[in-house]
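An overview of the molecular structure
Listed here are the chains, written in short residue letters.
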Amino acid sequence: MTPTSAPSAATPSATNAPTTPTPTPKGTPALGSWSLQPVWPFATLAQAQAWERAYRAGGHQPWHGDPDQTALAFTRDYLGFKEIDRVSSHKVSGRHARIGVAPTGPESGTAAVIHLVRFGTGPDAPWEVVGTDDTTFSLTTPAYGSLVHSPLVTGGRISGVDESIRVQVRQPSSEAPLGTSPCCTPAGGNDQPWNVKVSFSGAHDPVLTVVASTGGHVAAVERFTVTAVRAG
């Protein structure tokens, strides 16, 4: 998930976020501030700027400049949801993009809406995943951008029938998850709470990804939600 509203300047504390950096000229808070965490593919602004230089010099990895391709690569290559391979919706507004992704198949709806932001101030700054826009399946615990430890208690709300929730903790520098909850936690109903505990180890990246998924009716993964946290 990404925050739905911005807290006042006095809200962030030392345990939740560093001092808020100066916003970009167009009013988008800098990634790494209390409201926007760089989830994937770049861990730092320096990495994003290095790609910009390589792209300008020789067209290196042009997919970073396409929000649709970045959203699909995030889903398939980072989260490992290979069956989610098409874009179901596309909305770009300024430096923000909301890209819906879905499994192939006529009965498969949107699995998640990925929120991306340009990482940097240049016109060709790459797209960076910062979270998901959640509706019928949300991940609200732990709080976005918070410090976490293992074991991690996760939770949110879900609507559906015979749902089966699995939670993973990931970091961009590791191919395998840092931790995976036992499969799987049953859930369902109308806007009902769910919670899962997951242990993890080996965290060293600045930002970790917590991803909860459910499926099994028409695809292995039919819906998912992510949030960004920092290892304490």
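What you see is a predicted model; the values in this text were computed from it and never measured. (Residues numbered from 1 in each chain as written. Predicted model: local features only at pLDDT ≥ 70, side-chain atom pairs only at ≥ 80, totals over all residues. Heavy atoms only, no water.)

Within the structure shown, the criterion is met by seven aromatic pairs. With a centroid separation of 5.7 Å and an interplanar angle of 45 degrees, the aromatic rings of F74 and Y78 are classed as tilted. Taken together, the residues F74 and Y78, both in helix α2 (residues 67-78) and four residues apart, mark about one turn of the helix. Using a relative accessible area of 5% as the deciding quantity, one classes Y78 as buried. Seen in terms of ring centroids, F81 and F224 are 5.3 Å apart; in terms of plane orientation they differ by 55 degrees. Their pairing is tilted. Taken together, the positions of F81 in the loop between α2 and β1 (84-93) and F224 in strand β10 (residues 223-231) put the pair 143 residues apart, joining distant regions of the chain. Given the relative accessible area of 2%, F224 is considered buried. An aromatic cluster is built from W40, W63, F74 and Y78, whose rings are joined through pairwise contacts. (Phe/Tyr/Trp six-rings, centres within 6.5 Å; stacked < 30°, edge-to-face > 60°. Helix = DSSP H or I, 4+ residues; strand = E, 2+ residues; numbered from the N terminus. Buried < 20%, exposed > 50% of the residue type's maximum accessible area, 1.4 Å probe, protein only.)

Summed over all chains, the structure comprises one disulfide. Shown here is the disulfide that connects C183 with C184, its sulfur atoms set 1.8 Å apart. One disulfide, between C183 and C184, carries an S-S torsion of -65 degrees and so falls in the left-handed class. Owing to a relative accessible area of 54%, C183 belongs among the exposed residues under this scheme. (Disulfide = S-S within 2.5 Å.)

Take the pairing of strand β4 (residues 127-133) next. Among the seven residues that make up β4, six are buried, leaving the element largely enclosed by the rest of the structure. Direction of pairing for strand β3 (residues 112-118) relative to β4: antiparallel, over a ladder of six bridges. Opposite L116, over in β4, you have V129 as the bridge partner. (Pairing = 2+ DSSP bridges.)

Our next topic: the side chain of S181. Considering the arrangement of structural elements, one finds S181 in the loop between β7 (179-180) and β8 (185-198). Leave out the neighbours within four places in its chain, and S181 touches R166, V167, V196, K197 and V198. (Contact = heavy atoms within 4.5 Å.)

Here the amide bond leading from W40 into P41 is cis, since omega sits at 10 degrees, within 30 degrees of zero. For P41, the position within the fold is in the segment before α1 (45-58). Cis peptide bonds are those with omega within 30 degrees of zero, and the linkage from T141 to P142 qualifies with 5 degrees. You can see P142 is positioned in the loop between β4 and β5 (147-148). Unusually for a residue other than glycine, D162 sits at a positive phi of about 55 degrees.

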